[in-house]
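Architecture at a glance
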Amino acid sequence: MPKPLLHRYPTPQGITAFSTTRHGGVGSGTYGEFNITDYCGDAPQAVAANLLALAEALQLPPARIVLPHQTHGTVVRQVAEDFFALSPTTRTMLLEGVDALITAEPQVCIGVSTADCIPVLLYHPHRRVAAAIHAGWRGTLQRICQQTIAQLHTAFHIDPTELHAIIGPGISVDHFEVGQEVYDQFANAGFDLTETAVWHDKWHLDLPGINRQQLIEAGIAAAHIQASGICTFAHPDDYFSARRLGIASGRIFTAIVMS
């Protein structure tokens, strides 16, 4: 059984948050070694073996690890206990086109897959409510973090000022070059880019920074936001980067589980 090497984040007792790395699995090539996302072209047997290994590391049944099929949209899906009574086909259908998950269930690992996009985790340290968000540039533009926070308030009456956030590995401003049309979309959508955009022959956007701004605007205290500071583009040996490895490559799984 492979043993995945996880990048773990400091969290209160009873909450586990992590990002997978490329180490400790059975994959090969651009999928090597550790990928559990079965939407990116990896060998099914490698994905299954790695998923089992992660389940063992978390001491959870594999079915309690929930990973949506993301499409750079803003659909937020709540995972309740009755989700697990559904057939595998129905569960897969409900996770199609979903870019954020929220849950208040214990022993359920919710997460998102990324390979340069920005993964964001949210949790309430006492109420045991959590979220996992996939924030690529399109989702960031559509303010998916703020939409997820609004869903947490609607579903669980969570005060955003009591939330904590984790910004996982993703592409940094140094390497995220965009066209003028992308910059203009952010500017026209009302984003303050004075500290999150840099001109180097072309525009570079600070996606982690823009999402951090969104979290603060939504009410989360800056002191309650921790960022991994890991640039996937700069560290492709340890973290998957689609811009370095191509789309046909593995994905990082950034997730949270509550006991």
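See the structure printed just above.
Remember, it's a predicted structure, so these values are computed and weren't measured experimentally.

Calculation criteria
- Numbers given to residues run from 1 along each chain, matching the order in which its sequence is written.
- It should be noted that, the model being predicted, local features are given only for residues of pLDDT at least 70 and side-chain atom pairs only at 80 or more, the latter also being counted only at that level, while totals for whole chains, interfaces and linings use all residues.
- Hydrogens and water molecules were not included; the side-chain quantities draw on all heavy atoms of the structure.
- Under the DSSP-based scheme used, a helix requires at least four consecutive residues in state H or I and a strand at least two consecutive residues in state E, with every element numbered from the N terminus.
- Our radius of gyration looks at C-alpha atoms and nothing else; its globule reference is 2.2 Å times the residue count to the power 0.38.
- Think of it in three bands: residues with accessible area under 20% of the maximum for their type are buried, residues over 50% are exposed, and the middle band is partly exposed, with areas taken using a 1.4 Å probe on protein chains only.
- Here the open area of atoms and residues is found with the Shrake-Rupley method and a 1.4 Å probe, where only the protein chains shown may cover a residue.
- When charges are counted, Lys and Arg are positive and Asp and Glu negative, with His and the chain ends excluded.
- In plain terms, the charge of a residue is placed at NZ if it is Lys, CZ if Arg, CG if Asp and CD if Glu.
- When DSSP locates at least two bridges between a pair of strands, those strands are taken to pair.
- Definitions used throughout: a 1 Å grid over protein atoms alone; a cavity as a set of points that fits a 1.4 Å probe which cannot get out; a pocket as an open set with protein on both sides within 12 Å along at least five of seven lines; a lining residue as one with an atom within 4 Å of a point.
- Grid points are joined across faces, edges and corners, and a volume is the space filled by probe spheres set on the points.
- Under the grouping applied here, Gly and all other residues not named as nonpolar or charged are polar, the nonpolar ones being Ala, Val, Leu, Ile, Met, Phe, Trp, Tyr, Cys and Pro and the charged ones Asp, Glu, Lys and Arg.

1. Quick look at the overall build of the chain
If you tally the helices and strands in the chain, you get seven helices and 14 strands. Relative to the 2.2 N^0.38 estimate, which gives 18 Å for 259 residues, the radius of gyration of the chain is 17 Å and therefore close to what a compact globule would have. When the backbone C-alpha atoms are referred to their principal axes, the chain occupies close to 45 × 45 × 30 Å. The buried share of the chain, taken over its 259 residues, is 54%. Counting only carbon and sulfur atoms, one obtains 52% of the accessible surface of the chain, whose full area is about 11000 Å². Positive and negative side-chain charges in the chain, numbering 15 and 23 respectively, have mean positions lying 5 Å apart.

2. Focus on the pairing of strand β1 (residues 6–9)
Sheet faces and side chains relate simply in a regular strand, where the side chains alternate between the two faces. Inspection of the sheet shows β1 paired to strand β2 (residues 15–20) by four bridges, in the antiparallel sense. If you follow Leu6 over to β2, its bridge partner there is Thr20. As consecutive antiparallel partners, β1 and β2 are separated by five residues, and within that stretch Gly14 has a phi angle of approximately 95°, a positive value.

3. Description of the layout of surface pockets
Empty space among the atoms becomes visible once a probe the size of a water molecule is rolled across them. If you add up the space inside the largest pocket, you get close to 520 Å³. For the lining of the largest pocket, the secondary-structure elements that each account for two or more residues are β6 (109–114), α3 (137–141) and α7 (242–245). Residues belonging to the lining of the largest pocket are distributed by class as follows: eleven nonpolar, nine polar and four charged. By volume, the second largest pocket amounts to about 390 Å³. For the second largest pocket, the lining is made up of 15 residues, of which Asp38, Ile65, Leu67, Thr92 and Leu95 are closest to its centre. Mapped onto the lining of the second largest pocket, the elements with two or more residues apiece are α1 (44–58), β3 (65–66) and α2 (88–94). Here the lining of the second largest pocket gets three residues from one element, more than from any other, and that element is α2. Here the residues of the lining of the second largest pocket are counted per class, giving twelve nonpolar, one polar and two charged.

Just distances and angles here, no functional claims.
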